[in-house]
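Next come the chains, spelled out residue by residue.
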Amino acid sequence: MILFYFLFILSPLFGIIIYTAYLWGKTDMNSKNLWSLAIMLSVYLGCLATTHEMNGDFLGYSETFYEVPNYDFMSFILSKEKEPLYYGYNYLSYYLYGGSYKLFIFSLTLLNYLFLSYSILTVSRNLKVKNKNVIVVLYFTMFFFQEFAAMGNLIRQCLVQSVILAFFTRRYIEKKSSWWLALSAVSIHTSCIPVLAIGMLPMLKNRLDKSVLIKLFVYLSLVILFFYIGQTYLSNLPFIGYIFNRASNSEQLMGADSWQIDLGLSPVMKILLLILSFMLYSLYINKKQFHKTDNIYIMINLNILLVVFMFVCNQFGMYYLLMRYSFYIYAFQNLLLLIYIHKTRFLHNDIFRVIFMGIMLVYFYYEFSHNIFSYIPVLDSMVLPLPIYLF
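Residues numbered from 1 in each chain as written. Predicted model: local features only at pLDDT ≥ 70, side-chain atom pairs only at ≥ 80, totals over all residues. Heavy atoms only, no water.

Caption draft 1: Examining the overall build of the chain more closely. Within the chain, the regular secondary structure consists of 21 helices and zero strands. Out of the 391 residues belonging to the chain, those deemed buried represent 56%. Expressed as a percentage of contacts within the chain between residues at least 6 apart in sequence, the contacts between residues at least 24 apart total 73%. Summed over all atoms, the accessible surface of the chain reaches about 18200 Å², with 67% contributed by carbon and sulfur. (Helix = DSSP H or I, 4+ residues; strand = E, 2+ residues; numbered from the N terminus. Buried < 20%, exposed > 50% of the residue type's maximum accessible area, 1.4 Å probe, protein only. Contact = heavy atoms within 4.5 Å. Areas by Shrake-Rupley, 256 points an atom, 1.4 Å probe, with all protein chains shown as cover.)

Structure representation (structure tokens):
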């Protein structure tokens, strides 16, 4: 294992590919091996994230980071008036990392992908998914470029969606107390409150039918009513009042924010939603595939609700909500793919699996070099040693 880590430090991508090839031929692959691969992938993407050009929200996050010396701890958090856990970490990170914004971005990206990996590996263990299929899903998760790009502009929101996914995984799959994750999520980005409220519905643990859909409609109406009333009575609450203030701006919620240029579903998102819809339909038409002990209907149903919500927002021009909640698709789709591969014959042999992983790598590096935001040259991203990124 030391040899693989050494290769990874010399050239992260080369080390990842060599270690993947080693695991592919390993007959006694275990969860520790998979975690090692997930950590390597997460570290590598954390390094790449530090090379994002200084503009847009990425620049805004850096300005907030460098404000820290002007405040004491409590003054800094109170000055932001929202999401105290994120800003508390921002403050401590300035001193922990010696004022290095690179290390701060690296740590947040690393956390995001580790939380996603936790959910994937936990669900795969529960379902007894073949290890090679787990590797395929890890590659999809890590090299799905839209998630990576979003981490450079909506850092808090990307992090919170992976925390929310970990919360649902721990609560429904492992059946363990997980309220600390829910509270952490709300303290990172308040947009997760509606997702939390809906995901806590006991009815979503089972297959959707007419009676469940009626109950769901009633509950969603109550959630909307709660936010409507909250505009008057909860908008002044410390830290969480921010989301109720946003909810009071109906012109923004039912339209677009002032900075939004590209409105509606992008071509990539349209294709993605159609693929997800097909996967969901394929899973739902075969009732015999699932057992109550799987505890995975919650993950499938949350994907259904997100996909439907995306289409509704797009149809009625609710572009701000579409933008904000489309990113949750990027996190939740990973478990849907894991379940789909496990329950169907999709990617049922090694040739298809390797081709799929190769496609993800090519797609990632193509987008990496053609994105509207600049990173380091692609060749450098493939060959530079690990320490170069961070120091």
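Caption draft 2: Representation of the packing of aromatic side chains. Following the criterion strictly, the structure yields 44 aromatic pairs and no others. Ring centres of tyrosine 91 and tyrosine 95 lie 5.6 Å apart, and the angle between their planes is 55 degrees; this geometry places the pair in the tilted category. Here tyrosine 91 pairs with tyrosine 95, and both are found in helix α6 (residues 84-96), just four residues apart, close to one helical turn. Residue classification places tyrosine 95 among the partly exposed residues on the basis of a relative accessible area of 47%. Seen in terms of ring centroids, phenylalanine 145 and tyrosine 375 are 6.5 Å apart; in terms of plane orientation they differ by 85 degrees. Their pairing is edge-to-face. Here phenylalanine 145 is found in helix α9 (residues 145-150), whereas its partner tyrosine 375 is found in the loop between α19 (350-370) and α20 (378-383), with 230 residues between them in sequence. The same class applies to phenylalanine 145 as to tyrosine 375, namely buried. Here arginine 156 stacks its cationic end above the ring of tyrosine 86, 6.0 Å away from the centre of that ring. A cation sits over an aromatic face here: arginine 171 above tyrosine 172, 5.8 Å from the ring centre. (Phe/Tyr/Trp six-rings, centres within 6.5 Å; stacked < 30°, edge-to-face > 60°. Lys NZ or Arg CZ within 6 Å of the ring centre and 35° of its normal.)

Caption draft 3: Fine view of the pattern of salt bridges. Using the criterion set out here, one finds six salt bridges in the structure. Here arginine 125 makes a salt bridge to glutamate 174, at a shortest N to O gap of 3.5 Å. Linking arginine 125 in helix α7 (residues 101-127) with glutamate 174 in the loop between α10 (155-173) and α11 (179-188), this pair joins segments that are 49 residues apart in sequence. The salt bridge involving aspartate 350 is made with lysine 132; its shortest N-O contact spans 2.8 Å. Within this pair, whereas aspartate 350 is found in helix α19, its partner lysine 132 is found in helix α8 (residues 131-142), the two being separated by 218 residues in sequence. Relative accessible area serves as the criterion here: at 30%, aspartate 350 is assigned to the partly exposed category. Judged by its relative accessible area of 22%, lysine 132 is partly exposed. Among the ionic contacts, a cluster of salt bridges with common partners joins Arg125, Glu174 and Lys176. (Salt bridge = Lys/Arg side-chain N within 4 Å of Asp/Glu carboxyl O.)

Caption draft 4: Structural context of α6. End to end, α6 covers 18 Å across 13 residues, agreeing with the expected 18 Å (1.5 Å per residue, within 8%). Turning to α6, the residues buried within the fold contact α4 (56-66), α5 (73-80), α7, α10 and α11. The first or second residue beyond α6 is glycine 98, which carries a positive phi of 60 degrees. (Expected span 1.5 Å × (residues − 1).)

Caption draft 5: Just the packing of α10 against helix α12 (residues 192-199), in detail. Two elements in contact, α10 and α12, have axes whose closest approach is 11 Å; the angle formed by their N-to-C orientations is 15 degrees. Looking at the two axes, α10 sits roughly parallel to α12. Once α10 is placed against α12, the crossing between them reads as right-handed. For the pair α10 and α12, the contacting residues are Val160, Ile164, Phe167, Phe168 and Tyr172 in the first and Cys192, Val195, Leu196 and Gly199 in the second. In terms of residue class, the contact of α10 with α12 is built from eight nonpolar, one polar and no charged. (Axes fitted to C-alpha atoms, helices over the stretch in contact; angles between N-to-C directions. Parallel < 35°, antiparallel > 145°, perpendicular 65-115°, else oblique. Left-handed = near helix turned anticlockwise from the far one by under 90°. Nonpolar A, V, L, I, M, F, W, Y, C, P; charged D, E, K, R; others polar.)

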